[in-house]
Amino acid sequence: MKRFFKELFAIEKHPTRGLMAFEWVIMTYLVVTLVVTLAFYDQAANPSIMIWRRIAVAAMTAVLWGIYRMVPCKAMKVVRVLAHMALLSRWYPDTYEFNRMLPNLDHLFADAEQWLFGCQPALLFSQIFDNKLFSELMCLGYSSYYPIIAAVCFYYLLRRPQEFERVIFVIVGVFFVHYAIFDLLPVAGPQYYYKAVGEDMIAQGVFPNLHGYFFNNQECLPIPGWEGGPFHHLVVHAHNAGERPTAAFPSSHMSVTIALLFLAWHSKSRSLFFWLLPLGLLMFFATFYIKAHYAIDALAGLVSGTLCYWVFMRYKGGRWAVTYANSFRKRKKSKKR
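A. Just the pattern of salt bridges, in detail. Under the criterion given, the structure shown has seven salt bridges. Residue Lys-77 is joined to Glu-12 by a salt bridge in which the shortest nitrogen-to-oxygen separation is 3.8 Å. Residue Lys-77 is found in helix H4 (residues 74-86), and its partner Glu-12 is found in the loop between helix H1 (2-9) and helix H2 (21-39); the two are separated by 65 residues along the sequence. Each of the two residues, Lys-77 as well as Glu-12, counts as buried. Between Asp-94 and Arg-54 there is a salt bridge; the shortest N-O distance is 2.5 Å. Residue Asp-94 is found in helix H5 (residues 92-99), and its partner Arg-54 is found in helix H3 (residues 47-70); the two are separated by 40 residues along the sequence. Overall, Asp-94 belongs to the buried group, its relative accessible area being 1%. A relative accessible area of 1% means that Arg-54 is categorised as buried.

B. Molecular detail of a nonpolar patch on the surface. On the surface, a nonpolar cluster with roughly 470 Å² of combined accessible area is contributed by Ile-11, Val-63, Ile-67, Met-70 and Val-71. The residue Ile-11 is located in the loop between H1 and H2 in this model.

C. Broad picture of the packing of aromatic side chains. As enumerated under the stated definition, the model contains 27 aromatic pairs in all. Measuring from centroid to centroid gives 6.1 Å for Tyr-155 and Tyr-156, while their planes differ by 85 degrees, and the two rings are edge-to-face. With centroids separated by 5.0 Å and ring planes inclined at 80 degrees, the aromatic side chains of Phe-273 and Phe-274 adopt a geometry described as edge-to-face. For Phe-273, a relative accessible area of 13% gives the class buried. With a relative accessible area of 48%, Phe-274 lands in the partly exposed category. Members of the aromatic cluster, connected to one another through ring pairs, are Tyr-29, Trp-91, Tyr-145, Tyr-146, Phe-175, Phe-176 and Tyr-179. Its end group placed over the ring of Tyr-68, Arg-80 keeps NZ or CZ at 4.9 Å from the ring centre. Taking the ring centre of Phe-215 as reference, the NZ or CZ of Arg-100 above it sits at 4.9 Å.

Criteria and thresholds
Residues numbered from 1 in each chain as written. Predicted model: local features only at pLDDT ≥ 70, side-chain atom pairs only at ≥ 80, totals over all residues. Heavy atoms only, no water. Salt bridge = Lys/Arg side-chain N within 4 Å of Asp/Glu carboxyl O. Helix = DSSP H or I, 4+ residues; strand = E, 2+ residues; numbered from the N terminus. Buried < 20%, exposed > 50% of the residue type's maximum accessible area, 1.4 Å probe, protein only. Patch = residues over 30% accessible without salt bridge, like charges linked within 9 Å, V, L, I, M, F, W, Y side chains within 5 Å. Areas by Shrake-Rupley, 256 points an atom, 1.4 Å probe, with all protein chains shown as cover. Phe/Tyr/Trp six-rings, centres within 6.5 Å; stacked < 30°, edge-to-face > 60°. Lys NZ or Arg CZ within 6 Å of the ring centre and 35° of its normal.

Quick look at the structure:
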């Protein structure tokens with residue numbers, strides 16, 4: 001541990017000149033969505049807030065980069081990572097602002113759910129399994145989202161620091177790919193759509209097109225489960241803190257979680273992987289148990305998270321990533337010998 005902190009605060013001989021890979025992902029999303037916001041300024045509900053939020057993030061990035069250039073050490077890179085990771089959830093409400101400019105598509109996804117399963121799993125799941133223990137297990141799974149992220153990040157920081165930036169790049173990449181999807185795909189999810197239509201109508205297989213209903217309406221169903229349960233309370237608190245009728249398909253909770261499980265396996269720490277695996281399984285079922293998603297959202301999250309992991313893990317940039325260039329040089333030298 002002493003050696004770790006010594007290396008963490010040691011001045012780097014060859015500091016990174018530009019932004020780190022994950023920062024480029026954020027800046028790209030920032031610039032593209034800023035251009036879209038300016039282009040559709042008159043149609044957006046809160047364009048000024050969206051614009052100033054992006055200016056603030058860009059300014060923070062520039063300041064942290066400037067401090068790192070004055071004190072180029074890994075500790076400052078960690079600070080840059082933590083600052084942006086702390087803001088990941090702040091980008092979520094923006095997807096609702098973009099969705100408000102588009103017609104809602106929940107009727108198509110509810111209909112696809114009915115065609116695939118012959119019912120609405122999000123409607124029936126919590127009704128069939130309504131005991132306190134099962135409810136708390138589901139809420140435990142859903143509320144473990146950020147702890148799982150923290151566990152994987154800190155494991156790599158402490159045990160495999162040479163891959164830390166690569167891991168952050170993968171996690172941030174998965175987040176922002178899905179934010180981009182959510183911006184363009186206005187699906188509110190069962191908790192909002194079922195509330196708007198009525199659960200009796202949904203049970204009869206009636207899925208009307210709500211068009212622009214969610215532009216001014218954010219009423220939703222209560223979180224199912226044991227209301228006195230501590231994990232149920234955590235889920236309700238997180239929901240009340242910033243949930244919006246947006247970002248249902250595919251489930252980013254599931255896509256990020258599957259990417260984290262792949263990263264845990266990649267770490268070669270089987271204990272880390274098998275500790276997180278049960279939480280990942282609970283997360284899958286919890287997404288539609290609490291009616292945050294349709295079942296097809298969770299299935300799509302498995303696919304999108306796997307694809308994102310596969311793509312981003314093959315990116316060869318980053319100072320702390322596994323050094324492909326060094327391994328290439330080693331192979332080249334061995335061939336010469």
